[in-house]
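# Close look at the chain arrangement
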Amino acid sequence: MATQNTRELTLDLRVERFPYHQPFRISGHVFTETALLVAELSDGTHVGRGEGAGVYYLGDDIDHMLAEATRVRGAIEGGATRGDLQQLLPPGGARNALDCAFWDLEAKQAGLPVWELAGLSPPKALRSTLTLGADRAETMAKASLALDPEAPIKVKLTGDLADDIGRVVAIRTARPHAWIGVDANQGYDIATLAELLPVLVSARVAQLEQPLKRGREADLDGLKRPLPFVADESALSLADTASLVGRFDVVNIKLDKCGGLTEGLEIARQAKKLGLDVMVGNMMGTSLSMAPSYLVGQLCDIVDLDGPTFLARDRDPGVSYRDGMIHCPAEIWG
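Residues numbered from 1 in each chain as written. Predicted model: local features only at pLDDT ≥ 70, side-chain atom pairs only at ≥ 80, totals over all residues. Heavy atoms only, no water.

## Some words on the packing of aromatic side chains
The relation between two aromatic rings is expressed through the spacing of the ring centres and the mutual angle of the planes. One pass over the structure, following the stated rule, counts 3 aromatic pairs. Centroid distance Tyr-56 to Tyr-57: 5.1 Å. Interplanar angle 90°. Geometry classified as edge-to-face. Cluster of aromatic residues (ring-pair linked, three or more members): Phe-31, Tyr-56 and Tyr-57. Sitting over the ring of Trp-103, Arg-82 keeps its end group 3.6 Å from the ring centre. (Phe/Tyr/Trp six-rings, centres within 6.5 Å; stacked < 30°, edge-to-face > 60°. Lys NZ or Arg CZ within 6 Å of the ring centre and 35° of its normal.)

Structural data, given as structure tokens:
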């Protein structure tokens, strides 16, 4: 539960940019850096931190996040709580940064870890996917061989049917025993999807993420799903969750989409009640983004928290990846 502020708070907002090792390609986009909104809430003794990467396909970029957070600065410094924040701002990167900063501050004020305040069990290391950005099939196959052999593989598709088939076949040939999931990032329509599905089944792909554009979910009505379908762009917030039943099998929770840990935990619990499996993902933030998502991951069936692996530099201390697992030390956040 959100605690009542008993001390006057000050809010510091800043923009930090983290370049990638190399360009990262998905359907319709190529990324070279992540611009982050960093929020720090102080009561004069303790400081809580959070960061937001926003949601690029909704226009939730760094300028928008900064403007949104600045808009509610007066309310927060005037005594608004984390509970109030859920009404002050809509879901998005700004609310994520502020919500996580509140959680971190509340934990420090209480002298308890966030996981305990949230009613979770002590967090454990999680098996996390490692992602291959879209590229030529042979390049992706070679890159798959360089990944941790214990890690599940997530493959970005582009919506070009022939190229995507080549990518999937090449990677499966290179990694015959790996868990492989694919992410179409809204790249397909219902006709091309019908051609893709048999290839995915033949290649023993474990799941297909966001095949169609957001808004075209009804096109999936009546479609036989021969492998689990994952909703990402179709599942922005708690309000979307119930509509996924019958069209998707898994909901991908990202704190930048839903506006923070508070709603992320609600989605995970609601999805399970609805019979959906739960996945946690990320919008390519630093370890400061991964830490609260790691707590959501404790409730999840699938974990995709590899954002920092794409960055030329991360925060220190940071999460680590070994033996197919993400490890998140308590000193990072919360």
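## Here's the deal with the side chain of Thr-262
Here Thr-262 is to be found in helix α11 (residues 261-273). Polar side-chain contacts of Thr-262 include one of 2.9 Å to the side chain of Trp-103. Those residues in contact with Thr-262 that lie beyond four places of it in its chain are Arg-82, Gln-86, Asp-99 and Trp-103. (Helix = DSSP H or I, 4+ residues; strand = E, 2+ residues; numbered from the N terminus. Polar contact = N/O pair within 3.5 Å; in protein donor to acceptor, adjacent residues only side chain to side chain. Contact = heavy atoms within 4.5 Å.)

## Details of the environment of Lys-273
Inspection of the secondary structure puts Lys-273 in helix α11. Distance in space between the C-alpha atoms of Lys-273 and Leu-9 is 37 Å, their sequence separation being 264 residues.

## Brief notes about the nonpolar core
In this structure, Val-182, Leu-200, Leu-208, Leu-261 and Trp-333 are the most contacted members of the largest nonpolar core, which totals 64 residues. Leaving out residues up to four positions away in the same chain, Leu-261 has contacts with Asn-96, Asp-99, Cys-100, Trp-103, Val-114, Leu-255, Pro-292, Leu-295, Val-296 and Trp-333. (Core = buried A, V, L, I, M, F, W, Y, C linked by side-chain atoms within 4.5 Å. Buried < 20%, exposed > 50% of the residue type's maximum accessible area, 1.4 Å probe, protein only.)

## Description of the environment of Pro-23
Tracing the chain through its elements places Pro-23 in strand β1 (residues 10-26). For the pair Pro-23 and Phe-310, spaced 287 residues apart in the sequence, the C-alpha separation amounts to 9.0 Å. Those residues within four positions of Pro-23 in sequence are excluded, and the remaining contacts are Val-30, Phe-31 and Thr-32.

## A word on the sheet that holds strand β14 (residues 325-327)
One open sheet accounts for 3 strands, arranged β4-β14-β13; its pairing is antiparallel. Since the sheet does not close on itself, it has two edges, and those belong to β4 (126-127) and β13 (320-322), each with one partner. One ladder, built from 2 bridges, connects β4 with β14; its direction is antiparallel. In the sheet register, Arg-127 faces β14, and the bridge partner there is Met-325. (Pairing = 2+ DSSP bridges.)

## With respect to the sheet that holds strand β2 (residues 29-42)
Here we have 3 strands laid out as an open sheet, ordered β1-β2-β3, and antiparallel in their pairing. Only two strands of the sheet have a single partner each, and these edge strands are β1 and β3 (47-52). Across the sheet, the mean angle from the axis of one strand to that of its neighbour is 20°, orientation sign disregarded. Here β2 pairs with β3 via 6 bridges, running antiparallel. Looking at β3, one finds that Glu-40 is bridged to Arg-49. (Axes fitted to C-alpha atoms, helices over the stretch in contact; angles between N-to-C directions.)

## Focus on helix α1 (residues 62-71)
When we look at burial in α1, the residues that qualify are Ile-62, Met-65, Glu-68 and Ala-69. Projected onto a plane normal to the axis of α1, the buried residues spread over an arc of 130° and lie on a single side. Residues of α1 that are exposed and angled more than 90 degrees away from the buried face: Asp-63 and Arg-71. Tucked inside the fold, the buried residues of α1 contact β1, β2, β3, α2 (73-77) and α4 (93-110). (Arc of directions from axis to C-beta.)

## Some remarks on the pattern of salt bridges
Overall, the coordinates contain 23 salt bridges when judged by the stated rule. Two residues, Glu-106 and Arg-82, come together in a salt bridge whose shortest N-O distance is 3.1 Å. You can see Glu-106 sitting in helix α4 and its partner Arg-82 sitting in helix α3 (residues 82-88), a full 24 residues away along the chain. Side by side, Glu-106 and Arg-82 carry an identical accessibility label, which is buried. With a closest N to O distance of 2.8 Å, Asp-232 and Lys-257 form a salt bridge. Here the residue Asp-232 occupies a position in the loop between β9 (229-231) and α9 (238-241), and Lys-257 occupies one in helix α10 (residues 255-258), the gap between them amounting to 25 residues. Its relative accessible area of 3% is what places Lys-257 among the buried residues. (Salt bridge = Lys/Arg side-chain N within 4 Å of Asp/Glu carboxyl O.)

## Focus on the packing of helix α7 (residues 161-174) against helix α8 (residues 190-202)
The geometry of α7 relative to α8 is characterised by a closest axis approach of 10 Å and an angle of 15° between their N-to-C directions. Comparing the axis directions of α7 and α8 gives the class roughly parallel. Crossing handedness for the pair α7 and α8: right-handed. Contacts between α7 and α8 involve Leu-161, Ile-165, Val-168 and Val-169 from the first element and Thr-192, Glu-195, Leu-196, Val-199 and Leu-200 from the second. Class assignment for the residues of the contact of α7 with α8 results in 7 nonpolar, 1 polar and 1 charged. (Parallel < 35°, antiparallel > 145°, perpendicular 65-115°, else oblique. Left-handed = near helix turned anticlockwise from the far one by under 90°. Nonpolar A, V, L, I, M, F, W, Y, C, P; charged D, E, K, R; others polar.)

## Examining the pairing of strand β7 (residues 180-183)
Burial along β7 is two-sided: Ile-180 and Val-182 and Gly-181 and Asp-183, pointing in opposite directions, are all buried. Judged from the 4 bridges that link them, strand β6 (residues 153-156) and β7 form a sheet pairing that is parallel. Within β7, the residue paired with Lys-154 across the bridge is Gly-181. Bridging between β7 and strand β8 (residues 207-209) involves 3 bridges; their strand directions are parallel. Note that in β8 the partner of Val-182 across the bridge is Leu-208. Tracing the backbone out of β7, into α8 and back to the parallel element β8 gives a crossover that is right-handed. (Right-handed = clockwise from strand over helix to strand, strands pointing away.)

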